[in-house]
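Close look at the chain arrangement
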Amino acid sequence: SGTDPQVARLFRIFSMRMISNYTADLVEAGLDRGAARLKAAELSALTRGLWLEKRLAGSVRPEECWTILENALAPVARAAGCAAPTLGPGARDSQ
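Let me begin by describing the structure that accompanies this report. (Residues numbered from 1 in each chain as written. Predicted model: local features only at pLDDT ≥ 70, side-chain atom pairs only at ≥ 80, totals over all residues. Heavy atoms only, no water.)

Notes on helix α2 (residues 33–57)
Note the threshold: A run of H or I in DSSP becomes a helix once it reaches four residues, and a run of E becomes a strand once it reaches two; helices and strands are each numbered from the N terminus. Expected span of a helix: the number of residues minus one, times 1.5 Å. Here's how the labels work: a residue is buried when its accessible area is under 20% of the maximum for its type, exposed when over 50%, partly exposed in between, all with a 1.4 Å probe on protein chains only. Here, residues are in contact when the closest pair of their heavy atoms is within 4.5 Å. Each polar contact in these results corresponds to two N or O atoms within 3.5 Å; when the atoms are within protein, one needs to be able to donate a hydrogen and the other to accept it, and residues that are neighboring in sequence are counted only if both atoms are side-chain atoms.
Here α2 contains 25 residues, and its C-alpha end-to-end distance of 34 Å stays within 8% of the 36 Å for a straight helix at 1.5 Å per residue. Looking only at α2, the buried set comprises Ala36, Lys39, Ala40, Leu43, Ser44 and Leu50. Against α1 (5–28) and α3 (62–79) lie the buried residues of α2. Two or three places before Gly34, at the opening of α2, Asp32 has a side-chain oxygen 3.0 Å from that residue's backbone nitrogen. Remark: Gly58 follows α2 within two positions and exhibits a positive phi of approximately 65°.

Regarding the pattern of salt bridges
Worth spelling out the cut-off: By definition, a salt bridge exists where a carboxyl oxygen of Asp or Glu is found within 4 Å of a side-chain nitrogen of Lys or Arg.
Going through the model one piece at a time under the given rule, you end up with three salt bridges. Glu64 is the salt-bridge partner of Arg61, the closest N and O atoms lying 3.5 Å from each other. Glu64 gets classed as partly exposed once you look at its relative accessible area, which sits at 28%. In this structure, a network of salt bridges that share partners links the residues Arg61, Glu63 and Glu64.

A short note on the nonpolar core
Here is a general trend for soluble globular proteins: nonpolar side chains tend to be buried in one another's company. Worth spelling out the cut-off: Nonpolar cores were defined as sets of buried Ala, Val, Leu, Ile, Met, Phe, Trp, Tyr and Cys residues, with membership established by side-chain atoms within 4.5 Å.
One finds Ile19, Leu26, Leu31, Ala36, Ala40, Leu43, Ala72 and Val76 forming the largest nonpolar core, which totals eight residues. Among the elements of the structure, α1, α2 and α3 are those that each provide at least two residues to this core. Among the elements that make up this core, the one with the highest residue count is α2 (three residues). Leaving out residues up to four positions away in the same chain, Val76 has contacts with Leu26, Leu31 and Lys39.

Written out as structure tokens, the structure reads:
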């Protein structure tokens, strides 16, 4: 519940950690820290939103979630001179 202080505390910790991890990965990929932090916040919100849509509403299929995330990461990959990521089950097996 959003009114439970412990749940809110855990959510803040989880969110800060996710944004921190995304930021570090994006800086490593070549983005400056400011741009990386903004993109990290965007990806964190997108990831949580997709989870809610998939798990609670059932409004998106898993393959749609992966495509949405791939599309969000493609401009970052291009800017870093990398290939766009391929996500989803089995993606690592095919690389």
